[in-house]
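What follows is each chain in one-letter form.
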Amino acid sequence: MEQCGPLSSLWSMRFESKHKQLKETAKSITSRKNSPYTLALKHQLSLAYRVLSSNNNIIDMQFSHQITLSETTWLEYSKVEFLCSPFEFLEDAIFVSWINFKGTTYNSNNMSILVSLSDNPNILPIFGLIISIFIQADNIPFIIYKIYENNYFDEHFQAYNVQLTEKLLCCSVEKLDSVHPTVHCVLSNNLSYIPL
């Protein structure tokens, strides 16, 4: 554990879930000739159907119940820097603890996002820790996040060593460089890492 870090970062249950679908399909196939090709073809066809179907089987947006913010939180959020056009979010914003936007779920206080990714390999990506999520009147979700200071890329962990700052930023979910959230792992020596 000292060399690999916490066992939760080696968790493979999500892969097992995906394998379960393929195993069930393999059991239902009567022909045993070139079964990897058959499985890949069936997977591609089901994915193509999902993408091309009229409703895509994805609801655009679901969210938790509305949460009430304290006075100190309102004061803290008054210092937020907006990456998109500034607006007054205090009046008509609905704050929620989680949101599922176009099939991707975002949680507050335990999930990190990739804010900016450069094409230049010498520039490190910018990550943020989701602090709050709110929805504007026009049903556009926004994320308030704290920026991570990116120190270096650790080859052993295949992750970025980061440090959380107190700088608050706000951005629309649609404007993120990557819609896929990630996690931050804190090791026993208090070093934080984020895999890409």
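Data block above holds the structure.
This report concerns the structure included in the present document. Each chain carries its own residue numbering, running from 1 in the written order of its sequence. Where totals are concerned, whole chains, interfaces and linings use all residues; where local detail is concerned, this predicted model gives features only for residues with pLDDT of at least 70, and gives and counts side-chain atom pairs only at 80 or more. Calculation of side-chain values draws on the structure's entire complement of heavy atoms; hydrogens and water are dropped beforehand.

1. Observations regarding the pattern of salt bridges
Point 1. In the sections that follow, a salt bridge refers to a side-chain nitrogen of Lys or Arg positioned within 4 Å of a carboxyl oxygen of Asp or Glu. Taken as a whole and assessed by the stated rule, the structure comprises one salt bridge.
Point 2. Between lysine 146 and glutamate 166 there is a salt bridge, with its nearest N and O atoms 3.1 Å apart. Of the two residues, lysine 146 is situated in strand β8 (residues 141–154) and glutamate 166 in strand β9 (residues 159–172); the sequence distance between them amounts to 20 residues.
Point 3. Partly exposed describes any residue whose relative accessible area lies between the buried limit of under 20% and the exposed limit of over 50%, with all areas from a 1.4 Å probe on protein chains only and scaled to the type maximum. Overall, the relative accessible area of 62% leaves glutamate 166 in the exposed class. A helix here means a DSSP run of H or I that spans at least four residues, while a strand means a run of E at least two residues long, and both kinds are numbered starting from the N terminus.

2. Some details on unusual backbone geometry
Glycine aside, residues mostly have negative phi, and peptide bonds are mostly found in the trans state.
Point 1. One non-glycine residue, glutamine 158, adopts positive backbone phi at about 55 degrees.
Point 2. For glutamine 158, the location among the structural elements is in the loop between β8 and β9.
Point 3. Judged by its relative accessible area of 46%, glutamine 158 falls in the partly exposed class.

3. Structural notes on the pairing of strand β7 (residues 126–135)
Point 1. Extensive coverage of β7 is indicated by the burial of nine of its ten residues.
Point 2. At least two DSSP bridges between two strands are needed for those strands to be called paired. Here three bridges tie strand β3 (residues 94–96) to β7, and the two strands are oriented antiparallel to one another. By the bridge assignment for β7, phenylalanine 95 is matched with phenylalanine 134.
Point 3. When strand β6 (residues 112–116) meets β7, the two strands line up antiparallel, connected through four bridges. Looking at β7, one finds that isoleucine 113 is bridged to glycine 128.
Point 4. In this sheet, β8 lies alongside β7 in antiparallel orientation, the contact comprising seven bridges.

4. Describing the side chain of asparagine 161
Point 1. On the secondary structure map, asparagine 161 appears in strand β9.
Point 2. Given the relative accessible area of 3%, asparagine 161 is considered buried.
Point 3. For this analysis, a polar contact is any N or O atom pair within 3.5 Å, provided that within protein one partner can donate a hydrogen and the other can accept it, and provided that sequence-adjacent residues contribute only side-chain to side-chain pairs. Polar contacts involving the side chain of asparagine 161 include one to the side chain of asparagine 151, which spans 2.7 Å.
Point 4. Only heavy atoms enter the contact rule, under which two residues are in contact if any of them lie within 4.5 Å. Not counting the four nearest positions on each side in its chain, asparagine 161 is found in contact with Glu149, Asn150, Asn151, Tyr152, Leu191, Ser192 and Tyr193.

5. Section: the pairing of strand β4 (residues 98–101)
Point 1. In this structure, strand β1 (residues 61–63) lies alongside β4, joined through three bridges in antiparallel fashion. Looking at β4, one finds that methionine 61 is bridged to phenylalanine 101.
Point 2. Alignment of β4 against strand β5 (residues 104–107), held across four bridges, turns out to be antiparallel. Within β5, the position partnered with isoleucine 99 by the bridge is tyrosine 106.
Point 3. What sits between the antiparallel neighbours β4 and β5 is a turn of two residues, in which lysine 102 has the positive phi angle 55 degrees.

6. A closer look at the packing of aromatic side chains
Point 1. Aromatic contacts are taken between Phe, Tyr and Trp rings whose centres are within 6.5 Å, Trp giving its six-membered ring; a plane angle under 30 degrees counts as stacked, one over 60 as edge-to-face, and the others as tilted. Summed over the entire model, instances satisfying the criterion amount to five aromatic pairs.
Point 2. Here phenylalanine 95 and phenylalanine 134 contribute two aromatic rings whose centre-to-centre distance is 5.3 Å and whose plane-to-plane angle is 40 degrees, an arrangement assigned as tilted. Here phenylalanine 134 lies in strand β7 and phenylalanine 95 lies in strand β3, a separation of 39 residues in the sequence. As far as the burial class goes, phenylalanine 95 and phenylalanine 134 line up, both buried.
Point 3. Here the aromatic rings of phenylalanine 127 and tyrosine 160 are separated by 5.7 Å at their centres, their planes lie at 50 degrees, and the arrangement is tilted.

7. Here we look at the nonpolar core
Point 1. Core analysis: the largest hydrophobic core is formed by 19 residues, its most contacted members being Tyr77, Val80, Phe95, Phe127, Phe134, Ile144 and Cys170.
Point 2. Contributing elements (two or more residues each) for this core: β7, β8 and β9.
Point 3. Put simply, buried Ala, Val, Leu, Ile, Met, Phe, Trp, Tyr and Cys residues joined by side-chain atoms within 4.5 Å make one nonpolar core. Judged by nonpolar contacts, the second largest core, of 18 residues, contains Met61, Ile130, Ile133 and Leu176.

8. Focus on the environment of phenylalanine 153
Point 1. Along the chain, phenylalanine 153 turns up in strand β8.
Point 2. Phenylalanine 153 gets classed as partly exposed once you look at its relative accessible area, which sits at 29%.
Point 3. Distance in space between the C-alpha atoms of phenylalanine 153 and leucine 124 is 8.1 Å, their sequence separation being 29 residues.
Point 4. Every residue in contact with phenylalanine 153, bar those within four places of it in the chain, is listed here: Gln158, Ala159 and Tyr160.

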